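Structure assessment
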There are 2 protein chains.
Amino acid sequence: MTLKVYGHRLSQPSRAIIIFCKVNGIDFEEVTIDFTTGKHRLPDFKEINPMAEVPAIVHGDLKLFESHAILCYLASAFPGVPDHWYPADIVSRAKIQSILDWHHSNLRRGALNYCINSALGPVRSLPLNPQAAIEDEKILSASLSKLESVWLKGDAKFLLGNFQPSVADLSLACEIMQLEVVDEKDRERILRPHPKILEWIDNVKSATSPHFEEVHEHLQEVKARIAFLKSA
Amino acid sequence: MTLKVYGHRLSQPSRAIIIFCKVNGIDFEEVTIDFTTGKHRLPDFKEINPMAEVPAIVHGDLKLFESHAILCYLASAFPGVPDHWYPADIVSRAKIQSILDWHHSNLRRGALNYCINSALGPVRSLPLNPQAAIEDEKILSASLSKLESVWLKGDAKFLLGNFQPSVADLSLACEIMQLEVVDEKDRERILRPHPKILEWIDNVKSATSPHFEEVHEHLQEVKARIAFLKSA
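- The name an unreviewed UniProt entry assigns to chain A is Glutathione transferase, from the organism Ensete ventricosum.
- Quoted verbatim from the Sequence similarities (unreviewed entry) field of UniProt, the annotation for chain A is "Belongs to the GST superfamily. Theta family."

Following this line, the structure appears as C-alpha cells:
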C-alpha cells in the first residue's frame, strides 16, 4: 500500500509532510501539484481533495487533506515513527494539538498572507498588496512573540520544553521558513526581535537534517524567480 | 480531580465543550469569563490561558486551550465517553481531524467575523462593519456549500455519513448556531440555500438534547441586548 503525497515544495504544509516522511523513513511517492499555475483546481486533483488545496495524501482507500490531520495520521499509521513526534500519552498529545489548533488563525494566517502580499503574489499571478502586508505583519509578529513567550520559554530546545521535536515543531518551523522568499530586510526586521525562534528553527533543522535543508532548497529557486519577475 | 471549564455561552467553542461535558455526564465546574467586558484579559485568566481567549480548561495539572484540542482530550481522558465522539480507529479519527482543521480558516473565520461585524460588535463595544461583513458572508457561504457538498452528501445524518455525531459535528454546529444573534432576514438569506445544513443541525440538536437547547438559550438574551442597544 504505497503512500502518495500530493503537494508542492512552495507550500509550507506540503514541506512539513515531505520532511516528516523522509525523516521517518516512510516510503512515499511525491506527486507535485503546481498550484502556482492552477493545477490544484483540475478535476483530477479535486477527486482527491474537493477543497482544491495542497497537501493531500492517498493511502489505500483513505484520501485525506489538511496537513495537521495528515501528520497525526502518518505518525499513528506507520509503526516505526518515534513517539515524540505525536505522543501516545493523552496529556502530551493534547498540548501538541493545542499548538496545532492555535497555528491556523495566528502564525499561519500572518505568515501565509504576509508572504503572498509582500513577495509571492506575482509567482501566483496575483498583485502584491503592501497595505494588506502591513496588517499581516502585525498578526505574524504578535504570533512570533506568543510562540516565544508561551512555548519556547526557558531553555527549551523544542516547543513545550521538549527534548525532541513533535509534529507541531515541524509544522510551525516550515511556516516560518516561508519568510526565506521575502526581501532580506523585511525578513530581518520581522525575525531579529525573536532570537529564541531562530535558535529553535536551527534545532528543528538539525533534528531533521539533511531533509529539512533539501526540501527547503526549492524556496531559493522561487526567490530567484521573484527577482526575475521584478526585473522584467 | 475536578474539571474546570472556563468559558462563556456567547462563545461558540465554549458552548461545544459545555454541551459535550453535559451529554457525556462529565462532572465539571463552569467558570464564566465575560469576554464582552474584557475579563479574559485579566492576569488571573492569563495564568490559565496566556492567549487570553475562551474556552480553556484546568484538569489536575493540565491547563489547556483551543476548543478542538480540549474536545479531543476530554473524549480520551474520560473513559465513559462513547467512541463515536472521537473514534479510536485512526482512519475515522483522521477524517474528523481533517474537518476540525478545515474549520479554522473557513467556516469559523466566516461565521465568527460575520456575526461580529454584522450584529455582535456593540455587545463587545466594537463598531459594526457592514463592508467587512459582506466579505465575511462570502467566506461563510462558500464554507456552508463545501460542508454540504463534501461532508453531508447523500443521506448522511451526521458529517462523514456517520450515524452518530463526532466532536466535529458538535463544534461546527455550535459555530453555525451563532447566526441566531443576527437579523432574521440575514440569517434566512445565508442559511436558506443550505437545507441539508439545517437538517443536520436538527440532528445534532436531537442527539444532544436537552443540553444543546439549554446552552444555546443564552443567545436569545444576547439578541435581546442587541435590540436594546439598537433602540437606545
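Back to the text.
1. A short note on the interface of chain A and chain B
- Listed as interface residues are 26 residues of chain A and, on the opposing side, 26 residues of chain B.
- On the chain A side of the interface with chain B, the three residues burying the most area are Met51(A), Ile90(A) and Asp101(A), jointly 22% of the side's total.
- Taken together, the links from chain A to chain B amount to zero salt bridges.
- Summed over the shared surface of chain A and chain B, the result is eight residue pairs in polar contact (both at pLDDT 80 or more).
- Contributing elements (two or more residues each) for the side of chain A that touches chain B: β4 (62–65), α3 (67–77), α4 (90–120) and α5 (130–151) of chain A.
- The leading source of residues in the side of chain A that touches chain B is α4(A), at 11 residues.
- Here the side of chain A that touches chain B is composed, by residue class, of 15 nonpolar, six polar and five charged.

2. Re the side chain of Gln12(A)
- Looking at where Gln12(A) falls in the secondary structure, it is placed in helix α1 (residues 12–23).
- Overall, Gln12(A) belongs to the buried group, its relative accessible area being 4%.

3. Let's talk about helix α10 (residues 218–231) of chain A
- Taking 1.5 Å of rise per residue, 14 residues should cover 20 Å, and α10(A) covers 20 Å from first to last C-alpha, within 8% of that figure.
- For α10(A), the secondary structure elements touched by its buried residues are α1, α4, α6 (167–177) and α9 (211–216) of chain A.

4. Focus on the nonpolar core
- Leu74(A), Trp200(A), Leu74(B) and Trp200(B) are the most contacted members of the largest nonpolar core, which totals 155 residues.
- Discounting chain neighbours no more than four positions away, the residues touching Leu74(A) are Leu3(A), Ile17(A), Phe20(A), Cys21(A), Ile26(A), Ile57(A) and Val81(A).

5. A closer look at the environment of His218(A)
Residues and elements named next belong to chain A.
- Structurally, the position occupied by His 218 is in helix α10.
- Relative accessible area serves as the criterion here: at 21%, His 218 is assigned to the partly exposed category.
- Between the C-alpha atom of His 218 and that of Arg 15, which follows or precedes it by 203 residues, the distance is 10.0 Å.
- Beyond its immediate chain neighbours, meaning those up to four positions away, His 218 contacts His 8, Arg 9 and Leu 10.

6. A few points about the sheet that holds strand β4 (residues 62–65) of chain B
All names here are of chain B.
- Overall, mixed pairing links the four strands, which are arranged β2-β1-β3-β4 in an open sheet. Looking along the sheet, the strands with just one partner apiece sit at the ends: β2 (28–32) and β4. The sheet shows a mean angle of 20 degrees between the axes of neighbouring strands, direction not considered.
- Examined bridge by bridge, strand β1 (residues 3–7) and strand β3 (residues 56–59) share four bridges and lie antiparallel to one another. In the strand pairing of β3, Lys 4 is matched with Val 58.

7. Description of the relation of the copies chain A and chain B
- With an RMSD of 0.0 Å, chain A superimposes on chain B once it is rotated by 180 degrees and translated 0.0 Å along the axis. Here the two chains are linked by the operation of a two-fold rotation axis.
- Interface overlap between copies: 100% of the residues of chain A at the interface are likewise at the interface in chain B, consistent with a symmetric, same-surface contact.

About the cut-offs
Counting restarts for each chain, with residues numbered from 1 along the sequence as it is written. Written order determines the labels here, with chains lettered from A and ligands numbered from 1. Given that this is a predicted model, residues contribute local features only at a pLDDT of at least 70 and side-chain atom pairs are listed and counted only at 80 or more, while totals for whole chains, interfaces and linings are drawn from all residues. Side-chain numbers come from the whole structure's heavy atoms, not from hydrogens or water. UniProt positions are given in the numbering used here, feature names are shortened, and annotations may be inferred rather than shown by experiment. Residues count as neighbours in contact if any of their non-hydrogen atoms are within 4.5 Å of one another. Using a 1.4 Å probe, buried area is obtained as the accessible area two parts lose upon being combined, added over both of them. We define a salt bridge as a side-chain nitrogen of Lys or Arg found within 4 Å of a carboxyl oxygen belonging to Asp or Glu. Nitrogen and oxygen atoms within 3.5 Å of one another constitute a polar contact, given that in protein one can donate a hydrogen and the other can accept it, and given that sequence-neighbouring residues count only through two side-chain atoms. The secondary structure listing takes helices from DSSP runs of H or I that are at least 4 residues long and strands from runs of E that are at least 2 residues long, numbered from the N terminus. Only Asp, Glu, Lys and Arg are considered charged, only Ala, Val, Leu, Ile, Met, Phe, Trp, Tyr, Cys and Pro nonpolar, and every remaining residue, Gly among them, polar. Partly exposed residues are those whose accessible area sits between 20% and 50% of the maximum for their type, while under 20% is buried and over 50% is exposed, using a 1.4 Å probe and protein chains only. Take the number of residues in a helix, subtract one, and multiply by 1.5 Å to get its expected span. To define a nonpolar core, start from buried Ala, Val, Leu, Ile, Met, Phe, Trp, Tyr and Cys residues and group those joined through side-chain atoms within 4.5 Å. DSSP calls a pair of strands paired once it identifies at least 2 bridges connecting them. Note on definitions: angles span 0 to 180 degrees between N-to-C directions of axes, and those axes are lines fitted to C-alpha atoms, for helices only across the stretch in contact. C-alpha atoms of residues with pLDDT of at least 70 in both copies form the basis for the least-squares superposition of the copies.

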